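What follows is the residue order along each chain.
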Amino acid sequence: MPSFARLPASGIKVIIVGAGFAGLCAAIECDRKGHSVILLEKVSELKPLGDIISFSSNSGHIFERWEGVVDELEPLIHHSSGLDFYEWSGKFCTRQEWDYDKTWGRRINGHRGEIHDAVYRHAKARGIDIRLGQSVSEYFETESEAGVIANGEKLTADCVFAAEGVKSAGRKIVLGYEDKPRASGYAVYRTWFSSEELAKNERTKHLVNNGDTHSGWIGEDKHFLAASIKDGKEFSWVLTHKDDADIDEDWQFPGKKSDVLANLKGWAPIVHDLVNATPEDRLVDYKLVFRDPLPHFVSKGHGRIALIGDAAHPFLPTSIQGASQSMEDGVTLAITLQKSGKANVPRGVRAYEAIRYERVHRAQMTGVTTREQWHKADWDKIWKDPKMLHLKREAWLLNFDAETHAYEVVDEVLKKLDNDEVVKEDVIPKPTSHGIQAVLSQELDQLV
Ligand SMILES: Cc1cc2nc3c(=O)[nH]c(=O)nc-3n(C[C@H](O)[C@H](O)[C@H](O)COP(=O)(O)OP(=O)(O)OC[C@H]3O[C@@H](n4cnc5c(N)ncnc54)[C@H](O)[C@@H]3O)c2cc1C
């Protein structure tokens, strides 16, 4: 039985709604900091659904602090050393090696359901009170507590984190009005399947027969990214394309290969082979929705309810940051609550918003800039300088440890909040490597 590092009990009780990456991470981080957690999830069984997800080095630090989780994930995750870019016609353009940002932290790319399952089991092993099959229908707060109604039962705590994703019901109490997700004008076809067929095809076998590979084909208003995983044994691809379909409450549908191929007329034969080898029952047509940036993440009434993860800030997949940023939220909140203490929970919740607000919105914007960099590529310029296609690996975003950063700024932020000073702009992280070791060893000294 592994033992888990945990600060002494803070007496702070937290209810978290939603067991996606935001909710699970917040639950684990609150447990690490000594707060007591009830995590409510509406589905009664967590199944390993989904396909590829990428966690960048900024969330790699978070996984690494969870005893045993990275070791468990290691055989399941993608292990290529770079991304090969092709023009849509199939002509090779450039390779982006990941070498230089290895020093920034571990990247974890793999099957969303498998990674989620490992994190869920870690939360269970820590003894966190996770209650499945609990649908939250209402949020409330008073000066002294906050709570929810779940399956008709009233539950209270010192604060509530609404982590129910892009359809969040918690947004109503936090914003004071109801807003709906909007179509982004883009959609993705996405899939994950066994690579047996691809291994037999002359055109595709190099993608799966020599370990993991990562490739991207870029065209006007579309891009097709493909990755092999588990030493090439499994395969995933995602096609991002324009889509004007009106969305209502549902935006995920079974995909049709004929629709995908219609989107790829004239594209490289290898891309057609990848689509043709896909079992149709594993193909998903997923409309991308977004919401305008929120004016705030915390309830104005008593400041005890916080939105976290996609509930606060939905991400486009092209930022490759949605899940990482969701995790940074929970890390930050656990620390701001630790530092503000049981007697002043709303102060801690407000400090979370102050620390996260600017950074997360800057990160959100990268989803649009990366998409436009590829979809509006000027090929005359790219053939002269193929590196223009490379993903921007920005230090301010990726060479960043949310725990270290929160400990660095929290005291100053709390002081400014006490003095009613504006703190948002002051805490945008600068691209430094931080005094990570110093802060970590300080924290380790406090662990029991
Ligand atoms: C196609 C696509 C690809 C992506 N790829 C990446 C990627 O590579 N890297 C990356 O970092 N991000 C990626 N993202 C974004 C990332 O998936 C999200 O930002 C992240 O998963 C959000 O996590 P969350 O916990 O906030 O929300 P969710 O994962 O949506 O979890 C919300 C949870 O709340 C539960 N819930 C909802 N309502 C209630 C209720 N009333 N009561 C109780 N429980 C409730 C739900 O059942 C669910 O379990 C991608 C997104 C898309 C759409």
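Residues numbered from 1 in each chain as written. Predicted model: local features only at pLDDT ≥ 70, side-chain atom pairs only at ≥ 80, totals over all residues. Heavy atoms only, no water.

As recorded by an unreviewed UniProt entry, the chain carries the name FAD-binding domain-containing protein and is attributed to Exophiala bonariae. According to the UniProt record, the Sequence similarities (unreviewed entry) comment for the chain reads "Belongs to the paxM FAD-dependent monooxygenase family." (UniProt positions renumbered as here; feature names shortened; annotations may be inferred.)

Focus on helix H9 (residues 322–340)
Here H9 is 19 residues long and its end C-alpha atoms lie 27 Å apart, about the 27 Å a rise of 1.5 Å per residue gives. Of all 19 residues in H9, 17 are buried; the element is thus mostly enclosed. Just downstream of H9, Gly-341 is the residue with a positive phi angle, here 85°. (Helix = DSSP H or I, 4+ residues; strand = E, 2+ residues; numbered from the N terminus. Expected span 1.5 Å × (residues − 1). Buried < 20%, exposed > 50% of the residue type's maximum accessible area, 1.4 Å probe, protein only.)

Side note on the site of the ligand
In the neighbourhood of the ligand, 31 residues make up the surrounding shell, with Glu-41, Arg-112, Arg-190, Asp-310 and Ala-323 lying closest. In this structure, Ser-54 approaches the ligand through a main-chain N or O atom, which is 2.8 Å from a nitrogen atom. A distance of 2.6 Å separates an oxygen atom of the ligand from a polar side-chain atom of Arg-112. Here the ligand loses 85% of its free accessible area of 1,000 Å² to cover by the protein chains. The dominant element in the shell around the ligand, judged by the number of residues it contributes, is H9, at four residues. (Near = heavy atom within 4 Å. Polar contact = N/O pair within 3.5 Å; in protein donor to acceptor, adjacent residues only side chain to side chain. Areas by Shrake-Rupley, 256 points an atom, 1.4 Å probe, with all protein chains shown as cover.)

Quick word on unusual backbone geometry
Located in the positive-phi region is Asp-221, a residue other than glycine, with phi close to 60°. With respect to the helices and strands, Asp-221 occurs in the loop between strand S13 (214–219) and strand S14 (222–229). Despite not being glycine, Lys-230 has its phi angle at roughly 60°, a positive value.

A look at the pattern of salt bridges
As enumerated under the stated definition, the model contains 31 salt bridges in all. When the shortest N-O distance is used, the salt bridge between Asp-31 and Arg-126 registers 2.6 Å. Linking Asp-31 in helix H1 (residues 21–32) with Arg-126 in the loop between helix H4 (112–125) and strand S7 (129–132), this pair joins segments that are 95 residues apart in sequence. A residue is classified by how much of its surface remains accessible, and Asp-31, at 10% relative accessible area, is buried. Look at Arg-126 and you get buried, because its relative accessible area is 6%. In this structure, the salt-bridge partner of Glu-72 is Arg-121, at a minimum N-O distance of 2.4 Å. Separated by 49 residues along the polypeptide, Glu-72 in helix H3 (residues 69–73) and Arg-121 in helix H4 bring together distant segments of the chain. Residue classification places Arg-121 among the partly exposed residues on the basis of a relative accessible area of 39%. The network of salt bridges with common partners includes Glu-29, Arg-32, Lys-33, Arg-65, Asp-401 and Glu-403. (Salt bridge = Lys/Arg side-chain N within 4 Å of Asp/Glu carboxyl O.)

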